[in-house]
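Each chain is listed here by its residues.
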Amino acid sequence: MEEKESKEEQKIEETKPIKKGFFKKVWSSIVKIEEYPEMAAQGVGKAISYLVKITAILAIVLCIGIIYQTYEMVQDGINYLQKDFPEFSYKEGKLKVESQDKIVIQKEDSFLGKTIIDTKTEEENKINQYINQVSESGSGIIILKNKVILKNPSVTGTINYNYNDLLSQMGIQEFTKQDVINYAKSSQIINLYVSVFITVFVYSFIMYFLTTISNALFLSIFGYLASWLAKIRMRYVAIFNMSIYALTLSTILNMLYVGVNIFVDFNMEYFEVMYVSVAAIYLVAAIFILKSEFIKKQAELIKIAEAEAIVKQQLEEEKEKEEEEKNRNKETKKEEKKEENKKQNKKDKENQGEEPEGSKA
């Protein structure tokens, strides 16, 4: 019996899911941790859908930053091309710059970081050296013979654009330095921004989604251990759903971090550690709030059970009193009846003892 009761105490009653819009879920995920169980009860599908939406917003923020930086780069590039850059041409997917040595451009006040141009080398070792040099400066661009490589501090790794794939979408097969200057000054440059936006969005969305889902898996394992330590039974899928909502504030902080990097070359050390730590705190808080609510419910049930026991005991006592009262009344009536019978018998005897005059012969 005791084992059965202990098992029942560990079970969490399933609550009816509360219907919430996306932005209400974002708000609840940040300031209403106690609603995590209700949101988690909506199922994995709703949690994944929420993750897709918030990841898409993060990717859009990054795309806006990249587009802004691309616009600034184009404006600076036009001035630099006209004044200082050597002649170049593009044909059949290959870029050719009329320079014997690599060109390195780095401005301390520029968010573009370091730009390395080398259209002659195809050696992987040398390209990796360029990537390392750019990574050390935080951000930058590597322009090669057949592709361009972008490094942004907001993105893990690098982004590669193949000239043939990128330019063929816009119908560009060949151009010269003057063609580029004319193109950059025309309204057709919008096609470049659109192409960059789509490419960056697809790449960053996939990258952020995979990163976030892996963090959610890690957090769910951590949360499952926390629930075990808290001696509260929860299904793993519920903890996984709660882990996704727990990542909300971390994701928003990541958006702010990306936004700051659009205008300022800012690098926060151990940001990833903080990212996971904030989510872990939210998840553990939700689990222990759930535990606290469960204990309160159990305490309320115990109080109700005790009150019911007291009421039952009082009813039994009142019933016993009524029975005793009835028995006493019965005894009293019996005694009264006996007295009446005695009196009646006495009267009968007295009546029988008295004879009327003249009755004797």
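Everything discussed here concerns the structure shown above.
The text that follows walks through the structure, step by step, so that each part is easy to find. This structure is a prediction, so every number in the text was calculated from the model and none was measured.

What follows deals with the overall build of the chain. Looking only at helices and strands, one finds 11 helices and eight strands in the chain. The burial tally for the chain puts 36% of its 361 residues in the buried class. Entry remark: accessible area of the chain is about 23400 Å², with carbon and sulfur atoms responsible for 55%.

Before going further, it helps to spend a moment on the sheet that holds strand E1 (residues 88-91). The three strands lie next to each other as E2-E1-E8, forming an open sheet whose pairing is antiparallel. Bordering the open sheet on either side are strand E2 (94-97) and strand E8 (174-176), each of which pairs with just one other strand. Neighbour-to-neighbour, the strand axes of the sheet open up by a mean angle of 10 degrees, direction not taken into account. Pairing geometry for E1 and E2, over four bridges, is antiparallel.

So, on to the packing of aromatic side chains. Tallying each qualifying case throughout the model produces 12 aromatic pairs. Pairing Tyr71 with Tyr193 gives two aromatic rings, centres 6.4 Å apart and planes at 55 degrees, and the pair type is tilted. Of this pair, Tyr71 sits in helix H4 (residues 44-83) while Tyr193 sits in helix H8 (residues 189-229); the two residues are 122 residues apart in sequence, bridging distant segments of the chain. The class for Tyr193 is buried, based on a relative accessible area of 14%.

Moving on: the packing of H8 against helix H9 (residues 236-246). Angle between the axes and distance between the axes are the two parameters that describe a pair of packed helices. Contact pair H8 / H9: the axes reach a minimum separation of 8 Å and the direction vectors enclose 125 degrees. Taken together, the axes of H8 and H9 lie oblique to each other. Crossing of H8 against H9: the hand is right-handed. Contacts between H8 and H9 involve Ile213, Ala216, Leu217, Leu219, Ser220, Ile221, Gly223, Tyr224 and Ser227 from the first element and Tyr236, Ile239, Phe240, Ser243 and Ile244 from the second. Residue composition of the contact of H8 with H9, by class: 10 nonpolar, four polar and no charged.

Okay, the packing of helix H2 (residues 22-31) against H4 next. Remark: H2 packs on H4, axes separated minimally by 11 Å, with the N-to-C direction vectors making an angle of 90 degrees. Relative to H4, the element H2 lies roughly perpendicular. Contacts between H2 and H4 involve Phe22, Lys25, Val26 and Ser29 from the former and Lys46, Tyr50, Lys53, Ile54 and Ile57 from the latter.

To continue, consider the environment of Pro86. For Pro86, the position within the fold is in the loop between H4 and E1. Along the sequence, Pro86 and Ser99 sit 13 residues apart, while their C-alpha atoms lie 6.9 Å from each other. Not counting the four nearest positions on each side in its chain, Pro86 is found in contact with Val97, Glu98, Ser99, Ile103 and Lys177.

Before going further, it helps to examine the pattern of salt bridges. Under the counting rule described, the total for this entry stands at one salt bridge. The partner of Lys145 in a salt bridge is Glu122, and the shortest N-O contact between them spans 3.3 Å. Taken together, the residues Lys145 in the loop between strand E5 (140-143) and strand E6 (147-151) and Glu122 in the loop between strand E4 (114-117) and helix H5 (124-136) connect sequence positions 23 residues apart. Look at Lys145 and you get partly exposed, because its relative accessible area is 26%. A relative accessible area of 53% places Glu122 in the exposed class.

What counts, and where the lines are drawn
Residues numbered from 1 in each chain as written. Predicted model: local features only at pLDDT ≥ 70, side-chain atom pairs only at ≥ 80, totals over all residues. Heavy atoms only, no water. Helix = DSSP H or I, 4+ residues; strand = E, 2+ residues; numbered from the N terminus. Buried < 20%, exposed > 50% of the residue type's maximum accessible area, 1.4 Å probe, protein only. Areas by Shrake-Rupley, 256 points an atom, 1.4 Å probe, with all protein chains shown as cover. Pairing = 2+ DSSP bridges. Axes fitted to C-alpha atoms, helices over the stretch in contact; angles between N-to-C directions. Phe/Tyr/Trp six-rings, centres within 6.5 Å; stacked < 30°, edge-to-face > 60°. Parallel < 35°, antiparallel > 145°, perpendicular 65-115°, else oblique. Left-handed = near helix turned anticlockwise from the far one by under 90°. Contact = heavy atoms within 4.5 Å. Nonpolar A, V, L, I, M, F, W, Y, C, P; charged D, E, K, R; others polar. Salt bridge = Lys/Arg side-chain N within 4 Å of Asp/Glu carboxyl O.

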